[in-house]
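An overview of the molecular structure
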Amino acid sequence: MVANLTHLGAQGEANMVDVGDKEETTRTAIAEGFVSMQPETLKTILAGNARKGDVLGTARIAGIMAAKKTHELIPLCHPLLLTKVSVDIEPDHALPGLRVTALARVTGKTGVEMEALTAASVACLTIYDMAKAVDRAMVISGIRLAEKTGGKSGDYKAGA
């Protein structure tokens, strides 16, 4: 069974969902993404030798900033007073590459899935931008909602 799309009106027109009557709850979303690269590129990034500077630190800040601007980037998203945004970037030598995990949290009337997904996406894009001089063949993949808690629709965990 497919749920109704909440951003469509009776005639199929796009509209912003009215969350005025929803209950305020603490809502958390975790998104992830991956940047695959050549092993030498990963070594360069981890050693802090990229020409543009601190790849991981810059990507982390870019992801946090992006989460705070999600409502400006994605049509019909509500502006949220985020209480927490974090972006963690870990090496994954099996890729080889980097795994990005973004967490967004709010106490409010609507979820933070888009904020977490935006943070993960922009962090991955920033990694690409910061290291493209040495590896234009990097691949960004696997951007998805990994987990969410709170709200009327309940909890979700990818693969569960």
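The coordinates are above.
Numbers given to residues run from 1 along each chain, matching the order in which its sequence is written. Selection of residues for local features in this predicted model requires a pLDDT of at least 70, selection of side-chain atom pairs for listing and counting requires 80 or more, and totals for whole chains, interfaces and linings are taken over all residues. Side-chain metrics in this entry use all non-hydrogen atoms of the structure; hydrogen atoms and water are not considered.

Considerations on the overall build of the protein
- Under the DSSP-based scheme used, a helix requires at least four consecutive residues in state H or I and a strand at least two consecutive residues in state E, with every element numbered from the N terminus. A tally of helices and strands in the protein yields 4 helices and 5 strands.
- Helices (α) and strands (β) of the protein occur, in sequence order from the N terminus, as β-α-α-α-β-β-α-β-β.
- Here the C-alpha coordinates of the protein stretch approximately 50 × 30 × 30 Å along the principal axes.
- Relative accessibility decides the category of a residue: with a 1.4 Å probe and only protein chains considered, values under 20% of the type maximum give buried, values over 50% give exposed, and everything between is partly exposed. Considering the protein as a whole, with its 160 residues, one finds that 38% of them fall into the buried category.
- Using a 1.4 Å probe, the Shrake-Rupley method yields the accessible areas, and only the shown protein chains count as cover for residues. Total accessible area on the protein stands at roughly 9300 Å², and carbon and sulfur atoms take up 56% of it.
- Lys and Arg are tallied as positive, Asp and Glu as negative. Neither His nor the chain termini are counted. Charge placement uses NZ in Lys and CZ in Arg. For Asp and Glu, CG and CD serve respectively. Averaged over its 18 positive side-chain charges, the protein has a centre that lies 4 Å from the centre of its 18 negative ones.

Digging into the sheet that holds strand S2 (residues 84-92)
- A strand pair is defined by DSSP finding two or more bridges across the two strands. Across the sheet, 5 strands lie side by side as S2-S3-S1-S4-S5; this open sheet has antiparallel pairing. Looking at which strands have only one partner, the edges of the open sheet turn out to be S2 and strand S5 (156-157).
- Relative to S5, strand S4 (residues 139-149) runs antiparallel, the two sharing 2 bridges. By the bridge assignment, Glu147 is partnered in S5 with Lys157.
- Packed on one face of the sheet, helix H1 (residues 39-47) meets S2 and strand S3 (97-108) and runs near 55° to S3.
- In this description, contact between two residues means that some pair of their heavy atoms is separated by no more than 4.5 Å. Angles run from 0 to 180 degrees between N-to-C directions of axes, and those axes are lines fitted to C-alpha atoms, restricted for helices to the stretch in contact. Against the sheet, helix H4 (residues 113-131) contacts strand S1 (25-36), S2, S3 and S4, and its axis sits at roughly 25° relative to S1.

Topic: the pattern of salt bridges
- Whenever Lys or Arg places a side-chain nitrogen within 4 Å of a carboxyl oxygen from Asp or Glu, that contact is recorded as a salt bridge. This structure, assessed with the given rule, holds 7 salt bridges.
- A salt bridge links Asp129 to Lys132; the shortest N-O distance between them is 2.4 Å.
- On the basis of relative accessible area, Lys132 is assigned to the partly exposed category, the value being 24%.
- It is possible to trace a salt-bridge network through shared partners that takes in Glu32, Arg99 and Arg144.

Quick notes on the pairing of S1
- Of all 12 residues in S1, 9 are buried, a share of seventy percent or more.
- Bridge analysis of S1 against S3 gives 12 bridges, and the strand direction is antiparallel. Considered in S3, the bridge of Arg27 is made with Val106.

Re the environment of Thr126
- Topologically, Thr126 is positioned in helix H4.
- When sequence neighbours within four positions are dropped, the list of residues in contact with Thr126 reads Thr58, Ala59 and Ala62.

Re the nonpolar core
- Residues enter a nonpolar core if they are buried and are Ala, Val, Leu, Ile, Met, Phe, Trp, Tyr or Cys, with the set joined through side-chain atoms within 4.5 Å. Among the nonpolar cores identified, the biggest contains 31 residues, and Met37, Ile45, Val87, Ile89, Leu98, Val100 and Ile127 are the most heavily contacted of them.
- Only S1, H1, helix H2 (55-68), S2, S3 and H4 provide two or more residues apiece to this core.
- Per element, the largest residue contribution to this core is 9 residues, and it comes from H4.
- If we ignore the near neighbours within four places in the chain, the residues touching Met37 are Leu42, Ile45, Pro96, Gly97, Leu98, Ile127, Asp135 and Met138.

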